[in-house]
Amino acid sequence: MTSIPASFVILHGWRNRRPAGHWQHWLARELAARGSHVHYPQLPDPEDPDLDAWVDRVRTLLTARPDGRDTERVVVCHSLAAAVWLHAAARGVVRADRVLLVAPPSAEVLRRHAEVAAFAPAGTAPGHLASAAGTTRLAAGDDDPYCPGGAARIYGRPLGLDTDVIPGGGHLDPDAGYGRWPSVLGWCLDPAVRITARPTPA
C-alpha cells in the first residue's frame, strides 16, 4: 500500500457517457468508498470530441490539488483517453505520480474516423512519458479490435512501458465483460499489483 494519500483522476473514451456498468464507474465507487478523492468527469462532447479541449481539461484536473492536500496523483485512462494522455505528455502540460493506460486504440484505427482522427498519437517519446509521470503502466487485451497488432507492440515496447497483456480481454470494456475489475483497484491501491483479467463469472 502506498504511504502517501492518493487522489484519482479517471478518464473515459470516445462516446462514453460513464455508464454504471463500466469498470471505471465501479472503480470510482470503490475508491470513494475507501475515502479517496476521486474525479471521474464527463469530458466535453464525447461523441465528437476536440483534442485540444480534452487535453486542456486533463491539464486543469491535474493542476488543482484536492482540498489543498499533498497527495499522490494517480490517473487511469481508458481507450481514447489513453491517446489524450500521450498527446498531453508530448506537449509537456501534465504531471502525475502514476498513470495507467488501458486499451489505447491504434493511430491507424483512429485515423479511420473523422471525429477522432486528430487524436492519433504521433511523436510521443519515452522521455515525454517519464516527464509526465513517475511511472506509467499499460494494460491491454491481446485481441483488441481497436488496436490491431497489439498495444504491447505498438505502444509498450516503443515507449518502454511496463505492460500487462490480458488474454482474450478485447477492448477491456463492458462488451468484453469488464464491469467489476479487482486487479485495477488493486493497482490503484498498490502499484506493485499486476493487472490481470476480470474474475470469470460463476
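Structure: see above.
Below, the structure is looked at part by part. All figures in this text were calculated on a predicted structure; none of them were measured in a lab. (Residues numbered from 1 in each chain as written. Predicted model: local features only at pLDDT ≥ 70, side-chain atom pairs only at ≥ 80, totals over all residues. Heavy atoms only, no water.)

Contact geometry of helix H1 (residues 23–33) with helix H7 (residues 182–189) gives a least axis separation of 10 Å together with a crossing angle of 45 degrees. Classified by the interaxial angle, the pair formed by H1 and H7 is oblique. The hand of the H1/H7 crossing is right-handed. Residue-level contacts link Trp-23, Trp-26, Leu-27, Glu-30 and Leu-31 of H1 to Pro-182, Val-184, Leu-185, Cys-188 and Leu-189 of H7. Residue composition of the contact of H1 with H7, by class: nine nonpolar, no polar and one charged. (Axes fitted to C-alpha atoms, helices over the stretch in contact; angles between N-to-C directions. Helix = DSSP H or I, 4+ residues; strand = E, 2+ residues; numbered from the N terminus. Parallel < 35°, antiparallel > 145°, perpendicular 65-115°, else oblique. Left-handed = near helix turned anticlockwise from the far one by under 90°. Contact = heavy atoms within 4.5 Å. Nonpolar A, V, L, I, M, F, W, Y, C, P; charged D, E, K, R; others polar.)

With six of eight residues buried, H7 lies mostly within the body of the structure. For H7, the set of buried residues is Ser-183, Val-184, Leu-185, Gly-186, Trp-187 and Cys-188. Buried-residue contacts for H7 involve strand E1 (6–11), H1, strand E3 (72–78), strand E4 (96–102) and strand E5 (133–141). (Buried < 20%, exposed > 50% of the residue type's maximum accessible area, 1.4 Å probe, protein only.)

Right, let's talk about the sheet that holds strand E6 (residues 162–166) for a bit. What the six strands build is an open sheet, ordered E2-E1-E3-E4-E5-E6; its pairing is parallel. This sheet does not close on itself; its edge strands, each paired only once, are strand E2 (37–39) and E6. Across the sheet, the axes of successive neighbouring strands diverge by a mean angle of 15 degrees, strand direction being ignored. Bridging between E1 and E3 involves six bridges; their strand directions are parallel. (Pairing = 2+ DSSP bridges.)

Right, let's talk about the environment of His-128 for a bit. By secondary structure assignment, the location of His-128 is in helix H5 (residues 126–132). His-128 sits in the partly exposed class, given a relative accessible area of 26%. Between the C-alpha atoms of His-128 and Ala-197, which are 69 residues apart in sequence, the distance is 29 Å.

In this section: the side chain of His-12. Structurally, His-12 is set in the loop between E1 and H1. A relative accessible area of 0% places His-12 in the buried class. In terms of polar contacts, His-12 uses its side chain to reach the side chain of Gln-42, at 3.1 Å. A polar contact is formed between the side chain of His-12 and the backbone nitrogen of Leu-43, at a distance of 2.9 Å. Once residues lying within four places of it in the same chain are set aside, the contact partners of His-12 are Arg-18, Gln-24, Pro-41, Gln-42, Leu-43, Pro-46, Trp-54, His-78 and Ala-81. (Polar contact = N/O pair within 3.5 Å; in protein donor to acceptor, adjacent residues only side chain to side chain.)

Overall, the coordinates contain three aromatic pairs when judged by the stated rule. Measuring from centroid to centroid gives 5.7 Å for Trp-54 and Phe-119, while their planes differ by 80 degrees, and the two rings are edge-to-face. Separated by 65 residues along the polypeptide, Trp-54 in helix H2 (residues 51–63) and Phe-119 in the loop between helix H4 (107–110) and H5 bring together distant segments of the chain. Pair check on accessibility: Trp-54 and Phe-119 agree, each one buried. Ring geometry for Tyr-178 versus Trp-181: centroids 4.7 Å apart, planes at 70 degrees, classification edge-to-face. Trp-181 gets classed as buried once you look at its relative accessible area, which sits at 0%. By way of ring pairs, the aromatic residues Trp-23, Tyr-178 and Trp-181 are connected into one cluster. Taking NZ or CZ as reference, Arg-18 lies 5.7 Å from the ring centre of Tyr-40, over its face. (Phe/Tyr/Trp six-rings, centres within 6.5 Å; stacked < 30°, edge-to-face > 60°. Lys NZ or Arg CZ within 6 Å of the ring centre and 35° of its normal.)

Right, let's talk about unusual backbone geometry for a bit. A negative phi angle characterises most non-glycine residues, just as the trans form characterises most peptide bonds. A positive phi angle is found at Arg-15, which is not glycine, with a value near 65 degrees. Within the element layout of this structure, Arg-15 appears in the loop between E1 and H1. Positive phi, close to 55 degrees, is recorded for Arg-18, a residue that is not glycine. One can find Arg-18 in the loop between E1 and H1. By relative accessible area, Arg-18 is classed as partly exposed at 29%.

It is worth stressing that arrangement in space is one thing and function is another; only the former is reported here.
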